Amino acid sequence: MFAAERRQLILEMVRANGAVSLRELARVVQTSEVTVRRDVRALEAEGLLDRRHGGAVLPGGFTRESGFPQKSHLSTAEKTAIADLAAGLVGEGEAIVVGAGTTTQELARRLARVPGLTVVTNSLLVAQALAHANRVEVVMTGGTLRGSNYALVGSGAEQSLQGLRVSRAFLSGSGLTAERGLSTSNMLSASVDRALVHAAAEVVVLADHTKLGADTMFQTVPTELITRLVTDEPPLHDERAAAELQSLADQGVEVTVAGPDTDAPGGDGPPPGRQPRRDMPLPGQRRTQNGGLGPQLRSASALADVPGERGARVADLRRR
């Protein structure tokens, strides 16, 4: 494919989806991430798109929300890894809320195996994923159906959440920064997500690396209210994404990073151009007010025996 053809296809993908990772662009145009990065720089110089951490977005500073058909085909491997880790946080007999999104839909598919679970949701996709789980009770909010993401929004949804109290809320969004926290492009969705947060003792954000550093119009969860972030490992060259993760950890967010499981039996090893799972380099640790070390990176092997993590291969930035 000639450079002009590649760049036209890249531009069409960004216009259709709002934001696309370099990894996804390279897969579609069948070339290396190095070549795609060069193409993205050229398109940015022409003012046709903006570069973001490990990807490209529509120009103008704020990404717009993609519809479900587009989002369901983006970063599928990353969403699967994130959902696997997030499901390990949920115990038998818990009551939780799960917001709308393609990543939370993946989580719901895994929650079907948790006995005695109660899931409150405004997402038809989440409810559908749990519809045949005979040991899981699903509680739907009221509200008006928003067709682009199959979610119930509006005053009916918000009022049905009043007086509710659960252990955790699992949410996703369009963007995540250490400065503003989680955000989305739709005002009605943001308002319901805030009501979900208000009902939970802890907030877990599920966001793949393309959301890191992206800023959208409506804030849903400020950084100080996020208990934990579950994300995937950014590309090796993306130092800005690593810095964003450290900034979130410095503000007290527990950051759990999923990497490719290269040691799985019968596995084919890491994708071309990627190294085996490693501890991601981060800026130096900071000291807390009580003199202890601030959030630190914990290796996958160190978490193998931690209850609730189910031996996941992760790097975990925890409060000390």
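Residues numbered from 1 in each chain as written. Predicted model: local features only at pLDDT ≥ 70, side-chain atom pairs only at ≥ 80, totals over all residues. Heavy atoms only, no water.

1. A few points about the sheet that holds strand 1 (residues 19-21)
Link 1 in the chain: Taken together, three strands build an open sheet; the order of strands is 1-3-2 and the sheet is antiparallel. Since the sheet does not close on itself, it has two edges, and those belong to strand 1 and strand 2 (50-52), each with one partner. If you compare each strand with its neighbour and ignore which way they point, the axes differ by 25° on average. (Pairing = 2+ DSSP bridges. Helix = DSSP H or I, 4+ residues; strand = E, 2+ residues; numbered from the N terminus. Axes fitted to C-alpha atoms, helices over the stretch in contact; angles between N-to-C directions.)

2. Observations concerning the packing of helix 2 (residues 22-29) against helix 3 (residues 33-45)
Link 1 in the chain: Where helix 2 contacts helix 3, the two axes come as close as 9 Å, and the packing angle between them is 105°. When the axis of helix 2 is compared with that of helix 3, the two are roughly perpendicular. Facing Leu 22, Arg 23, Leu 25, Ala 26 and Val 29 of helix 2, the residues of helix 3 in contact are Glu 33, Val 36, Arg 37 and Val 40.
Link 2 in the chain: Here the residues of the contact of helix 2 with helix 3 sort into six nonpolar, no polar and three charged. (Parallel < 35°, antiparallel > 145°, perpendicular 65-115°, else oblique. Contact = heavy atoms within 4.5 Å. Nonpolar A, V, L, I, M, F, W, Y, C, P; charged D, E, K, R; others polar.)

3. Structural notes on the confidence of the model for the chain
Link 1 in the chain: Confidence in the prediction of the chain, expressed as mean pLDDT, is 77, and 74% of residues score 70 or more.
Link 2 in the chain: Of all helices and strands in the chain, the one with the weakest mean pLDDT is strand 16 (residues 296-298) (34), whereas strand 4 (residues 95-98) scores best (98).
Link 3 in the chain: Confidence drops under a pLDDT of 50 for residues 262-320, and excluding neighbours within four residues, the segment shows 122 contacts in the predicted structure. (pLDDT = per-residue confidence, 0-100.)

4. Structural notes on the pairing of strand 6 (residues 136-140)
Link 1 in the chain: By the bridge criterion, five bridges tie strand 5 (residues 117-121) to strand 6 in an arrangement that is parallel. Paired with Leu 117 across the bridge in strand 6 is Val 136.
Link 2 in the chain: A crossover connection joins strand 5 to the parallel strand 6 through helix 7 (residues 124-129); in handedness this β-α-β unit is right-handed. (Right-handed = clockwise from strand over helix to strand, strands pointing away.)

5. Details of the pairing of strand 9 (residues 166-171)
Link 1 in the chain: With five of six residues buried, strand 9 is to be regarded as a mostly interior element.
Link 2 in the chain: Relative to strand 12 (residues 200-206), strand 9 runs parallel, the two being bridged by five bridges. Along strand 12, the bridge assignment pairs Val 166 with Ala 200. (Buried < 20%, exposed > 50% of the residue type's maximum accessible area, 1.4 Å probe, protein only.)

6. Points about the sheet that holds strand 11 (residues 181-184)
Link 1 in the chain: If you trace the three strands from one edge of the open sheet to the other, you get 10-11-13, paired in antiparallel fashion. Either end of the sheet is taken by a strand with one partner, and the two such strands are strand 10 (175-177) and strand 13 (218-221). Within the sheet, the average angular offset between the axes of one strand and its neighbour, ignoring direction, is 35°.
Link 2 in the chain: Strands in contact with helix 9 (residues 187-198) are strand 11 and strand 13; relative to strand 13, the strand with the most contacts, it is inclined by about 20°.

7. Examining the packing of helix 5 (residues 76-87) against helix 6 (residues 102-111)
Link 1 in the chain: The interhelical angle for the contact between helix 5 and helix 6, taken along N-to-C directions, is 50°, at an axis separation of 8 Å. Relative to helix 6, the element helix 5 is oriented oblique. Crossing handedness for the pair helix 5 and helix 6: right-handed. Contacts from Lys 79, Thr 80, Ile 82, Ala 83, Asp 84, Ala 86 and Ala 87 in helix 5 reach Thr 102, Thr 103, Glu 106, Leu 107, Arg 110 and Leu 111 in helix 6.
Link 2 in the chain: Split into classes, the residues belonging to the contact of helix 5 with helix 6 amount to six nonpolar, three polar and four charged. (Left-handed = near helix turned anticlockwise from the far one by under 90°.)

8. Quick notes on the environment of Ala 3
Link 1 in the chain: With respect to the secondary-structure elements, Ala 3 resides in helix 1 (residues 3-17).
Link 2 in the chain: Separated by 35 residues in sequence, Ala 3 and Arg 38 have C-alpha atoms that sit 10.0 Å apart.

9. Quick word on the pattern of salt bridges
Link 1 in the chain: On inspection of all chains with the given rule, the structure shows 13 salt bridges.
Link 2 in the chain: Of the charged contacts in the structure, one is a salt bridge between Asp 39 and Arg 7, with a shortest N-O distance of 2.8 Å. Taken together, the residues span a long stretch of sequence, with Asp 39 in helix 3 and Arg 7 in helix 1 at a distance of 32 residues.
Link 3 in the chain: The closest approach of N and O atoms between Arg 110 and Asp 84, which form a salt bridge, is 2.5 Å. With Arg 110 in helix 6 and Asp 84 in helix 5, the pair connects residues that are 26 residues apart, well separated along the chain.
Link 4 in the chain: For Asp 84, a relative accessible area of 43% corresponds to the partly exposed category.
Link 5 in the chain: Taken together, the shared-partner salt bridges in this structure form one network comprising Asp 84, Glu 106, Arg 109 and Arg 110. (Salt bridge = Lys/Arg side-chain N within 4 Å of Asp/Glu carboxyl O.)

10. A word on the side chain of Asp 208
Link 1 in the chain: Residue position: Asp 208 is located in the loop between strand 12 and strand 13.
Link 2 in the chain: Despite being buried, Asp 208 has no salt bridge partner; Lys 211 is the closest side chain of opposite charge, sitting 4.1 Å away.
Link 3 in the chain: A polar contact of 2.3 Å, which involves the side chain of Asp 208, links it to the side chain of Thr 210. (Lys, Arg positive; Asp, Glu negative; His and termini not counted. Polar contact = N/O pair within 3.5 Å; in protein donor to acceptor, adjacent residues only side chain to side chain.)

11. Section: the environment of Val 255
Link 1 in the chain: Positionally, Val 255 belongs in strand 15 (residues 254-258).
Link 2 in the chain: Along the backbone, Val 255 and Leu 245 are 10 residues apart, and their C-alpha atoms lie at a distance of 7.1 Å.

12. Overview of helix 5
Link 1 in the chain: If you check helix 5, its first and last C-alpha atoms are 16 Å apart, about what 12 residues at 1.5 Å a residue would give, namely 16 Å.
Link 2 in the chain: Taken together, the buried positions of helix 5 are occupied by Glu 78, Lys 79, Ile 82, Ala 83, Leu 85, Ala 86 and Ala 87. (Expected span 1.5 Å × (residues − 1).)

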